[in-house]
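# Chains, contacts and geometry: an overview
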Amino acid sequence: MNQSRGNWSSNLGFILAATGSAIGLGNLWKFPFITWENDGGAFVLIYLICIAAVGLPIMMGELLIGRKTQKSPVGALREAIGPIWGWVGAWGVIAGFVILSYYAIVAGWSLLYFTKAVGWSLQGFPDVLDAGSAFGELAGNGSKQLILTGLFLGMTVGAVYFGVHNGIERVARISLPILFVILLLLLLSALSMSGSRDALTFIFRPNFSELDSGSVLMALGQAFFSLSLGMGAMITYGSYVARNRSIVNAAGVIVILDTLIALSAAIIMFSVIFTVPGMTEQVEGSAVGMLFIALPELFYDVVPFGRFLGPLFYVLVALAALTSTISLLEVVVSYVIDEVKISRPRATIVSGGLTFVLSILAALSLGAVPALSNFEFFAGKPGVFNTLDHFAANWMLPTGGLLVTLGVGWFMSRQSTESELIDENTPSWFDYRLWRFCIRYIAPVAVTAIVISVILGHDFS
Ligand code: PHE
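The structure contained in this document is the topic of the report that follows. (Residues numbered from 1 in each chain as written. Predicted model: local features only at pLDDT ≥ 70, side-chain atom pairs only at ≥ 80, totals over all residues. Heavy atoms only, no water.)

Moving on, we come to the packing of helix H5 (residues 86-123) against helix H16 (residues 344-363). Helices that pack against each other are described as a pair by the angle of their axes relative to one another and the distance between those axes. With their axes 8 Å apart at the nearest point, H5 and H16 run at an angle of 55 degrees to one another. On the basis of the axis angle, H5 is oblique to H16. In terms of crossing hand, the pair formed by H5 and H16 is right-handed. Between H5 and H16, the contacting residues are Phe-97, Val-98, Leu-100, Ser-101 and Ile-105 on the first element and Leu-354, Thr-355, Leu-358, Ser-359, Ala-362 and Ala-363 on the second. Of the residues contributing to the contact of H5 with H16, the split by class is 8 nonpolar, 3 polar and no charged. (Axes fitted to C-alpha atoms, helices over the stretch in contact; angles between N-to-C directions. Helix = DSSP H or I, 4+ residues; strand = E, 2+ residues; numbered from the N terminus. Parallel < 35°, antiparallel > 145°, perpendicular 65-115°, else oblique. Left-handed = near helix turned anticlockwise from the far one by under 90°. Contact = heavy atoms within 4.5 Å. Nonpolar A, V, L, I, M, F, W, Y, C, P; charged D, E, K, R; others polar.)

Time to look at the packing of helix H2 (residues 25-37) against helix H3 (residues 41-69). Direction vectors running N to C along H2 and H3 enclose 130 degrees, while the axes themselves pass 8 Å from each other. Accordingly, the angle class assigned to the pair H2 and H3 is oblique. The way H2 lies across H3 gives a crossing that is right-handed. Of H3, the residues touching H2 (which contributes Phe-31, Ile-34 and Thr-35) are Phe-43, Val-44 and Tyr-47.

A few words now on the pattern of salt bridges. According to the stated counting rule, one finds 8 salt bridges in the structure shown. With a closest N to O distance of 2.4 Å, Lys-71 and Glu-79 form a salt bridge. The salt bridge partner of Glu-339 is Arg-78, with a shortest N-O separation of 3.5 Å. Pair noted here: Glu-339 is in helix H15 (residues 306-340) and Arg-78 is in helix H4 (residues 73-80), with a separation of 261 residues, a long-range link. On the basis of relative accessibility, which here comes to 37%, the residue Arg-78 falls in the partly exposed class. (Salt bridge = Lys/Arg side-chain N within 4 Å of Asp/Glu carboxyl O. Buried < 20%, exposed > 50% of the residue type's maximum accessible area, 1.4 Å probe, protein only.)

We now examine the site of the ligand. In the region of the ligand, 14 residues are neighbours, and Ala-22, Gly-26, Tyr-103, Phe-225 and Ser-228 sit closest. For the ligand, a nitrogen atom lies 3.2 Å from a polar atom in the backbone of Ser-21. Here Phe-225 contributes a backbone N or O atom positioned 2.8 Å from a nitrogen atom of the ligand. Contact with the protein chains removes 100% of the 330 Å² of surface that the ligand exposes when unbound. Judged by the proximity of its atoms to the pocket grid, the ligand belongs to the largest cavity. (Near = heavy atom within 4 Å. Polar contact = N/O pair within 3.5 Å; in protein donor to acceptor, adjacent residues only side chain to side chain. Areas by Shrake-Rupley, 256 points an atom, 1.4 Å probe, with all protein chains shown as cover. 1 Å grid on protein atoms, 1.4 Å probe; cavity = no way out; pocket = protein on both sides within 12 Å on 5 of 7 lines; lining within 4 Å. Sits in = over half its atoms within 2 Å of the grid points.)

So, on to helix H9 (residues 196-204). Structural remark: α-helix, 3.6 residues per turn; residues separated by three or four positions point the same way. Buried within H9 are the following residues: Ser-196, Ala-199, Phe-202 and Ile-203. Projected onto a plane normal to the axis of H9, the buried residues spread over an arc of 120 degrees and lie on a single side. Against H2, H3, helix H8 (163-191) and helix H12 (247-275) lie the buried residues of H9. (Arc of directions from axis to C-beta.)

Under the counting rule described, the total for this entry stands at 25 aromatic pairs. Each ring, one from Phe-299 and one from Phe-313, has its centre 5.5 Å from the other, and the planes form 45 degrees; the classification is tilted. Taken together, the residues span a long stretch of sequence, with Phe-299 in helix H14 (residues 287-301) and Phe-313 in helix H15 at a distance of 14 residues. Across the pair, exposure class does not vary: Phe-299 and Phe-313 are buried alike. An aromatic cluster of at least three residues, connected via ring pairs, comprises Trp-109, Tyr-113, Phe-292, Phe-299, Phe-313 and Tyr-314. We note Arg-440 situated over the ring of Trp-410; from NZ or CZ to the ring centre the distance is 3.8 Å. (Phe/Tyr/Trp six-rings, centres within 6.5 Å; stacked < 30°, edge-to-face > 60°. Lys NZ or Arg CZ within 6 Å of the ring centre and 35° of its normal.)

The next subject is the nonpolar core. If you look at the biggest cluster of nonpolar residues, it comprises 163 residues, and the most contacted ones within it are Ile-65, Phe-270 and Phe-313. With 18 residues, the single largest contributor to this core is H5. Excluding its chain neighbours within four sequence positions, the residues that come into contact with Ile-65 are Ala-76, Leu-77, Ala-80, Ile-81, Ile-235, Val-404, Val-408 and Met-412. (Core = buried A, V, L, I, M, F, W, Y, C linked by side-chain atoms within 4.5 Å.)

One pass over the full model with this rule turns up 5 cavities of 30 Å³ or more. Reported here for the largest cavity is a volume of approximately 150 Å³. Lining the largest cavity are 19 residues, with Ser-21, Tyr-103, Phe-225, Ser-228 and Leu-328 positioned closest to its centre. Secondary structure elements with two or more residues in the lining of the largest cavity: helix H1 (11-22), H2, H5, helix H10 (213-226) and H15. For the lining of the largest cavity, the class distribution of residues is 11 nonpolar, 8 polar and no charged. (Points joined across faces, edges and corners; volume = space filled by probe spheres on them.)

Attention now goes to a nonpolar patch on the surface. A cluster of nonpolar side chains, namely Trp-410, Phe-411, Leu-434, Phe-437, Tyr-441 and Ile-442, defines an oily patch on the protein surface of about 620 Å² accessible area. Elements represented by at least two residues in the nonpolar patch include exactly helix H18 (383-411) and helix H20 (432-455). In terms of residue count, the dominant contributor to the nonpolar patch is H20 (4 residues). Mapping Phe-411 onto the fold places it in helix H18. When its relative accessible area of 53% is taken as the criterion, Phe-411 is described as exposed. (Patch = residues over 30% accessible without salt bridge, like charges linked within 9 Å, V, L, I, M, F, W, Y side chains within 5 Å.)

Here we come to the state of the cysteines. Applying the stated criterion to the full structure yields 0 disulfides. Its sulfur unpaired, Cys-438 is 12 Å from the next cysteine sulfur, which belongs to Cys-50. (Disulfide = S-S within 2.5 Å.)

For Asp-39, which is not glycine, the phi dihedral falls at a positive 65 degrees. Of note, Asp-39 is situated in the loop between H2 and H3. The exposure class assigned to Asp-39 is partly exposed, which follows from its relative accessible area of 37%. Backbone geometry at Gln-70 places phi at a positive 55 degrees, although glycine is not the residue there.

Further remarks concern the side chain of Thr-275. Following the sequence through the fold, Thr-275 ends up in helix H12. Given a relative accessible area of 19%, Thr-275 falls into the buried group. Within the structure, Thr-275 has its side chain in polar contact with the backbone oxygen of Ser-271 (distance 2.5 Å). Those residues in contact with Thr-275 that sit more than four places away from it in its chain are Met-193, Ser-194 and Gly-195.

As structure tokens, this is what we get:
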């Protein structure tokens, strides 16, 4: 093993960091929203099947490439599969850069809403606040956007700068336990509300008459995004795992935690929504609406202990987002360190700075600068922000994921994947033949279906 590369200090440290990458805005922001849009039950069931049959096997595939080669995505794919596969890694590095540039903007809002919520808790929620137009004002305020995004990227750079062990792992070790506790408090509070029964029914009772093929494909796309797959994040994190640790177990834990958090977030939000009369109509708008428009007011009206939980909720969003932005930046930084051969501190600052340049364009495209906000590259996705999100989530992750699963399933020998997955630490629930079947057949077919539907114009964002 290359000693100059960082390494996780322990298996727990690795699992926390990788789980931190997976848990993020995808769980708290996107999942409840698209579950809502797709009428719950049946969609959730399909999502769970996608997670188990596609997400879990690809998670193991990415981790095994990383651990086997101990390299960042470009070098790792080149070495594990073949020279030309380096391009797949490069595709992932670009995806990391693109996703980070707009993800950090939403993450930045959580910082602002945290300070706002603290103010509301201390001084009372204003009687005549129109949360919708307050949010619209923020979206169109260029300088506020830039400050918040810059702040969040600065925090991300700060963590990655200190390396795998002292930066990334440390932040995850502190953040994740806090995140779990806050989420549990919110969940208990939500379950005590009168709307929680309706919420649970909505989420867990499948009604297949509501389901169309678009929803199936959306569930698959969400599984990718939520598990941080298709762009090399898990290859990178796997490359810091020592050889004597089981990645099979780790993959299982990451996937289960990510899924539990997504479900909990949906239970919390829907309990609130179903408790307030008239709320269901109001949230029919956007994902942004749920997190930054509907919830603030509700914390001060209906949520038990809302004054206390309101600010905590935005801490939760910020921490979850931070451990994800860290992994996005780390993909880019590890590539720059390995391939451009400069030191980590320099690589981090250069990569963070370049990301900020792209972020500026996206941050000003939410109303502040008309030229950036109005142009349409993809129909119905006006502005730089929406264009980047659409391009990354709908094109980059599915294509990257498809290539990785084909590479692992068809271009790596059975012996080389088996030796990575099976050792004395492999848990008894794992079945190599089933894994190989999923990675060779189920995952490629499912992902090809996404890619084709995107080509035919279906929208997952
Ligand atoms: N998984 C993260 C989330 O759910 C997003 C992410 C995607 C992070 C890809 C890293 C890589 O928010």
